[in-house]
Amino acid sequence: PAHREGLKRFRLSCQSPDYLVRVSQALVLHRPLPSRVRLRPAATKMIGSSGYLPIDEETKQNLTEQASSCRAMKVVLETRRPRLIAKETVAPSPNVSDDLEKVFALATDEEPCALVVNAKDESGAVPGADEKQWVVIVWIPEDAPARMKTLWSTATKSIRESFLEMKFKEVQASERGELSADAVLSAAKELAQEQQAKPNAGLLADIQSKRKD
């Protein structure tokens with residue numbers, strides 16, 4: 001039948017040297033694949049049904065136990081076993097502002113990452129900040145592949161879901177100019193104010209409840 005003959009010609013064309021060369025070039029040079037090739041998106045599989053990436057158990061333990069002795073932690077993606085892992089840390093000085101340049105230096109143009117920063121310091125640069133309040137700088141370079149951008153869009157959710165006892169505020173950056181002390185300190189102050197307002201809101205609710213009684 002005609003449809004079988006057509007299928008045979010299609011299979012032969014896929015095996016032709018010219019076609020295989022074009023597929024290889026597309027994979028190496030990141031060009032669009034020939035129309036007959038369709039790859040299943042890897043990003044969705046890596047994120048999984050939970051909607052976020054898991055975090056390495058050792059990273060969880062380090063961030064929890066070393067909160068008081070860590071100014072910042074660089075978190076990267078391990079693709080072999082899709083998960084977020086700690087790569088480097090920055091020790092704290094008495095002033096968080098003095099540490100932020102070291103933190104920003106951890107971001108490279110080749111690799112997306114999350115820089116998880118605690119703003120509590122001896123100078124009191126962020127009033128009300130404590131060891132459970134962290135700013136997550138999600139660094140996604142402009143030239144990062146679309147697949148990596150999709151994966152890293154869930155980074156803050158991944159971290160938040162893994163540390164329910166901690167509070168986080170996100171700062172997004174894709175250019176060096178967006179890695180600024182003002183942006184981080186502003187986010188840290190906003191987070192501290194939100195946490196300070198929550199007990200007051202609870203107290204107000206109790207007072208109003210008693211008045212109704």
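Structural data are supplied above this passage.
Summarised in this report is the structure supplied together with it. Quick caveat: nothing in here was measured; it's all calculated off a predicted structure.

## Here's the deal with the overall build of the chain
Item 1. The secondary structure content of the chain amounts to eight helices and five strands.
Item 2. The order of α-helices and β-strands along the chain, N terminus first, is α-α-α-α-β-β-α-β-β-α-α-β-α.
Item 3. Among the 213 residues that make up the chain, the fraction classed as buried is 37%.
Item 4. Of all intrachain contacts in the chain linking residues separated by at least 6 positions in sequence, the fraction that spans at least 24 positions is 63%.
Item 5. Surface accessibility of the chain: about 13,100 Å² in total, with carbon and sulfur atoms responsible for 51%.

## A closer look at the packing of aromatic side chains
One pair of aromatic rings is described through two measures. These are the centre distance and the angle between the planes.
Item 1. Taken as a whole and assessed by the stated rule, the structure comprises one aromatic pair.
Item 2. Seen from their ring centres, Phe163 and Phe168 are 6.4 Å apart, and the 55° between their planes marks the pair as tilted.
Item 3. Residue classification places Phe163 among the buried positions, given a relative accessible area of 2%.
Item 4. The exposure class assigned to Phe168 is buried, which follows from its relative accessible area of 7%.

## A short note on the pairing of strand β1 (residues 72-78)
As a general feature of sheets, a regular strand has side chains that alternate between the two faces.
Item 1. Within β1, seven of the seven residues are buried, which leaves it mostly tucked inside the rest of the structure.
Item 2. Along β1, one buried face is formed by Ala72, Lys74, Val76 and Glu78 and the opposite face, lined by Met73, Val75 and Leu77, is buried too.
Item 3. Relative to strand β2 (residues 83-90), β1 runs antiparallel, the two sharing seven bridges. Bridging across to β2, Ala72 finds its partner in Val90.
Item 4. Linking β1 back to β2 in an antiparallel pair, the connection comprises four residues.
Item 5. Relative to strand β3 (residues 113-118), β1 runs antiparallel, the two sharing four bridges. Bridged to Ala72 within β3 is Val117.

## A few points about helix α5 (residues 96-104)
Count 3.6 residues to each turn of an α-helix, and residues three or four apart come out pointing the same way.
Item 1. Here α5 has its buried residues at Val96, Asp99, Leu100, Val103 and Phe104. The arc that holds the buried residues of α5, viewed along the axis, is 140°, so those residues lie on one side. Facing away from the buried side of α5, by more than 90 degrees, are the exposed residues Asp98, Glu101 and Lys102.
Item 2. Two or three places before Ser97, at the start of α5, stands the capping residue Asn95, its side-chain oxygen 2.8 Å from that residue's backbone nitrogen.

## A short note on the environment of Ala181
Item 1. If you trace the backbone, Ala181 turns up in helix α8 (residues 181-212).
Item 2. Residues Ala181 and Leu100, spaced 81 residues apart in sequence, show a C-alpha to C-alpha distance of 6.4 Å.
Item 3. Contacts of Ala181, omitting those with residues within four sequence positions, involve Leu100 and Phe104.

Procedures and definitions
Residues numbered from 1 in each chain as written. Predicted model: local features only at pLDDT ≥ 70, side-chain atom pairs only at ≥ 80, totals over all residues. Heavy atoms only, no water. Helix = DSSP H or I, 4+ residues; strand = E, 2+ residues; numbered from the N terminus. Buried < 20%, exposed > 50% of the residue type's maximum accessible area, 1.4 Å probe, protein only. Contact = heavy atoms within 4.5 Å. Areas by Shrake-Rupley, 256 points an atom, 1.4 Å probe, with all protein chains shown as cover. Phe/Tyr/Trp six-rings, centres within 6.5 Å; stacked < 30°, edge-to-face > 60°. Pairing = 2+ DSSP bridges. Arc of directions from axis to C-beta. Polar contact = N/O pair within 3.5 Å; in protein donor to acceptor, adjacent residues only side chain to side chain.

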